[in-house]
Amino acid sequence: MSHATAPAASSSPPASPATPKDGRTAERSLARRMLARPETGALIAAIGVYLFFFAVAPSFREASSLATVLYQASVMGIMALPVALLMIGGEFDLSAGVAVTSSALTASILSFQLSLNVWTGVLVALVVSLAVGAFNGYMLIKTGLPSFLITLGTFLMLQGANLAVTKIFTENVATDSISDMDGFDQAKSVFASEIGIGGVNVKITVFYWLAFAAIATWLLLRTRFGNWIFAIGGSKDSARAVGVPVDFAKIALFMGVGAGAWFVGMHLLFSFNTVQSGEGVGNEFLYIIAAVIGGCLLTGGYGSAVGPVIGAFIFGMVSQGIVYANWNPDWFKFFLGLMLLVATLVNLWVRRQATRR
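For the structure given in this document, a descriptive report is provided here. (Residues numbered from 1 in each chain as written. Predicted model: local features only at pLDDT ≥ 70, side-chain atom pairs only at ≥ 80, totals over all residues. Heavy atoms only, no water.)

**Some remarks on the overall build of the chain**
Test applied: A helix here means a DSSP run of H or I that spans at least four residues, while a strand means a run of E at least two residues long, and both kinds are numbered starting from the N terminus. Type-normalised accessible area, obtained with a 1.4 Å probe on protein chains alone, sets the label of each residue: buried when under 20%, exposed when over 50%, and partly exposed for intermediate values.
When its secondary structure is counted, the chain shows 14 helices and two strands. Residues classed as buried in the chain amount to 46% of the 357 residues present.

**Section: the environment of Ala214**
Residue position: Ala214 is located in helix H8 (residues 204-222). Taking C-alpha positions, Ala214 is 8.0 Å from Ala305, a pair spaced 91 residues apart along the chain.

**With respect to a nonpolar patch on the surface**
Our working definition: To count toward a patch, a residue needs a relative accessible area above 30% and no salt bridge. Like charges then connect within 9 Å, nonpolar side chains (Val, Leu, Ile, Met, Phe, Trp, Tyr) within 5 Å. Every accessible area reported is derived by Shrake-Rupley at a probe size of 1.4 Å, with residue values counting cover from the shown protein chains alone. The salt bridge definition used is simple: a Lys or Arg side-chain nitrogen within 4 Å of an Asp or Glu carboxyl oxygen.
Taken together, the side chains of Leu43, Ile47, Tyr50, Leu51 and Phe54 define a hydrophobic patch exposed on the protein surface, amounting to about 450 Å² of accessible area. Looking at the element boundaries, Ile47 is found in helix H2 (residues 40-56). You can call Ile47 partly exposed: its relative accessible area is 47%.

**Quick look at unusual backbone geometry**
The phi dihedral of Asn273 is positive, around 70°, even though this residue is not glycine. Assignment of secondary structure puts Asn273 in the loop between helix H11 (246-272) and helix H12 (283-293). At Asn326, a position not held by glycine, the phi torsion is positive, near 60°.

**What about the nonpolar core?**
For soluble globular proteins, nonpolar side chains are generally found buried alongside one another. Condition: The term nonpolar core refers to a set of buried residues drawn from Ala, Val, Leu, Ile, Met, Phe, Trp, Tyr and Cys, joined through side-chain atoms within 4.5 Å. Two residues form a contact once any of their heavy atoms are found within 4.5 Å.
Membership of the largest hydrophobic core comes to 95 residues, with the highest contact counts inside it found for Met79, Trp209, Phe270, Ile314 and Val318. Residue contacts for Met79: discarding those within four places in its chain leaves Ala96, Val100, Val257, Gly260, Ala261, Val264 and Tyr287.

**Section: the pairing of strand E2 (residues 200-203)**
Quick note on the threshold: DSSP-based pairing: two strands are paired if at least 2 bridges between them are found.
Along E2, the buried face is formed by Val200 and Val202; none of Asn201 and Lys203, which line the opposite face, is buried. As defined by bridge partners, strand E1 (residues 194-197) adjoins E2 across four bridges and the pair is classed as antiparallel. The partner of Ile197 across the bridge, within E2, is Val200. Between E1 and E2, which pair antiparallel in sequence order, lie two residues; one of them, Gly198, sits at a positive phi of approximately 60°.

**Details of the packing of aromatic side chains**
Under the convention used in this document: Any pair of Phe, Tyr and Trp rings, taking the six-membered ring for Trp, is counted once the centres come within 6.5 Å. Such a pair is stacked with planes under 30 degrees apart, edge-to-face with planes over 60 apart, and tilted for the rest.
Inspection of every chain in the model, using the stated rule, returns 18 aromatic pairs. Between Phe53 and Trp327, the ring centres sit 5.9 Å apart and the planes meet at 50°, which makes this aromatic pair tilted. With Phe53 in helix H2 and Trp327 in the loop between helix H13 (306-324) and helix H14 (332-355), this residue pair connects regions lying 274 residues apart in the sequence. For the ring pair Phe191 and Phe263, a centre distance of 5.5 Å and an interplane angle of 65° mean the geometry is edge-to-face. Placement of the pair is Phe191 in helix H7 (residues 184-191) and Phe263 in helix H11, with a sequence separation of 72 residues. The same class applies to Phe191 as to Phe263, namely buried. One aromatic cluster is present, formed by Trp119, Phe184, Phe191, Tyr208, Phe212, Trp262, Phe263 and Phe270 through successive ring pairs.

**Quick word on the side chain of Ser103**
Position of Ser103 relative to the elements: it lies in helix H4 (residues 96-113). Using a relative accessible area of 1% as the deciding quantity, one classes Ser103 as buried. The contact partners of Ser103, leaving out residues within four places of it in the chain, are Ala125, Ser129, Ala261, Trp262 and Met266.

**Topic: the pattern of salt bridges**
According to the stated counting rule, one finds three salt bridges in the structure shown. Across the salt bridge formed by Lys250 and Glu91, the nearest N and O atoms sit 2.5 Å from each other. Linking Lys250 in helix H11 with Glu91 in the loop between helix H3 (63-88) and H4, this pair joins segments that are 159 residues apart in sequence. Since its relative accessible area comes to 5%, Lys250 is described here as buried. For Arg240, the salt bridge identified is with Asp247, shortest N-O distance 3.6 Å. For Arg240, a relative accessible area of 42% puts it in the partly exposed group. We classify Asp247 as partly exposed; its relative accessible area is 33%.

**Side note on the environment of Asp180**
You can see Asp180 is positioned in the loop between helix H6 (147-170) and H7. When the C-alpha positions of Asp180 and Asn273 are compared, they lie 9.3 Å apart, and in sequence the two are 93 residues distant.

**A short note on H6**
Applied cut-off: One less than the residue count of a helix, multiplied by 1.5 Å, gives the span that helix is expected to have.
Compared with the 34 Å implied by 1.5 Å per residue over 24 residues, the 33 Å span of H6 between its first and last C-alpha is a close match. When H6 is considered as a whole, its buried residues turn out to be Ser147, Ile150, Thr151, Thr154, Phe155, Leu158, Asn162, Thr166 and Thr170. At its buried positions, H6 is contacted by H4, helix H5 (118-143), H11 and H12. Where H6 terminates, the next one or two residues include Glu171, which has phi positive at roughly 55°.

**Section: the side chain of Thr101**
Under the convention used in this document: Polar contact criterion, stated in full: a pair of N or O atoms within 3.5 Å, where within protein one must be able to donate a hydrogen and the other to accept it, and residues adjacent in sequence count only if both atoms are side-chain atoms.
The residue Thr101 is located in helix H4 in this model. One polar contact links the side chain of Thr101 to the main-chain carbonyl oxygen of Glu279, over a distance of 2.6 Å. Apart from residues no more than four positions distant in its own chain, Thr101 is found in contact with Asn162, Val275, Gln276, Ser277, Glu279 and Gly280.

Okay, here's the thing in structure tokens:
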């Protein structure tokens with residue numbers, strides 16, 4: 001007599017219902033991720049500025065005009081990059097503008113007065129520029145004073161020294177021409193030459209600017225030092241608590257500004273053969289403006305290297321677009337301030353949209 005067997009019970013537990021995704025765990029869309037980038041607001045502003053001058057200034061559309069815009073942007077942008085990194089780290093450098101002039105004066109006066117090869121002056125100027133940056137960082141750490149006050153003092157000292165030292169050696173407010181000195185042609189080819197592309201001469205600073213931007217981006221996003229910068233800008237006390245060498249990083253960032261000042265100073269020197277001792281005053285605000293337009297927060301801890309590139313490009317378009325549109329150049333600062341305000345508002349809107357759920 002056969003017996004029926006009961007069906008075997010399943011060994012697998014019943015499947016649990018899928019856990020619904022909420023706004024915190026759901027993957028953000030591509031558009032939302034793009035809005036979260038610090039430079040997105042600046043990019044939107046740059047497109048608007050370009051289209052505006054493209055429409056109102058026919059000469060703005062020419063390739064040679066674009067080369068001029070890029071040159072103006074590159075000279076500003078090379079300095080805006082280290083200034084932006086310093087701002088992400090939570091500090092300012094108000095001496096950056098006159099530091100450029102100090103670097104050029106050092107190389108020019110030393111080479112001319114001692115009849116040295118200009119490369120000797122270039123190297124000494126690099127040492128001086130790095131020393132100024134290290135001084136700013138050291139004083140910041142030892143005194144605990146805000147970088148605004150420390151670098152304001154350095155700004156005044158450099159401004160006075162630039163004028164006084166130049167008058168001592170040249171009995172004038174400008175340096176002597178070094179165009180006929182040994183090494184000048186080689187240095188000019190490195191710092192101030194032009195490269196022909198499609199029949200248009202493009203200043204070599206444009207290529208340096210883009211290369212430095214790529215290096216700065218890699219530094220911020222792919223290195224431990226970049227993590228330190230963001231951590232220090234967010235909260236230096238918290239960063240120090242987890243082992244970040246705050247003092248070293250801050251001094252290094254100020255020295256980076258010094259290195260940028262040296263490079264731009266060498267470009268100016270070998271472009272014009274001589275230097276006016278009063279130049280550079282006020283440029284430090286333009287570097288900060290380019291960084292802020294590019295999405296860097298004044299409070300630190302947020303920003304990118306691409307943003308200041310776009311901010312400097314906006315500066316170049318505004319400065320040259322006014323000329324190509326045949327407007328009164330006296331309006332330049334007005335439009336620059338307007339661009340700063342508009343870009344800042346766009347950046348604020350972009351960040352709010354990126355953080356919405």
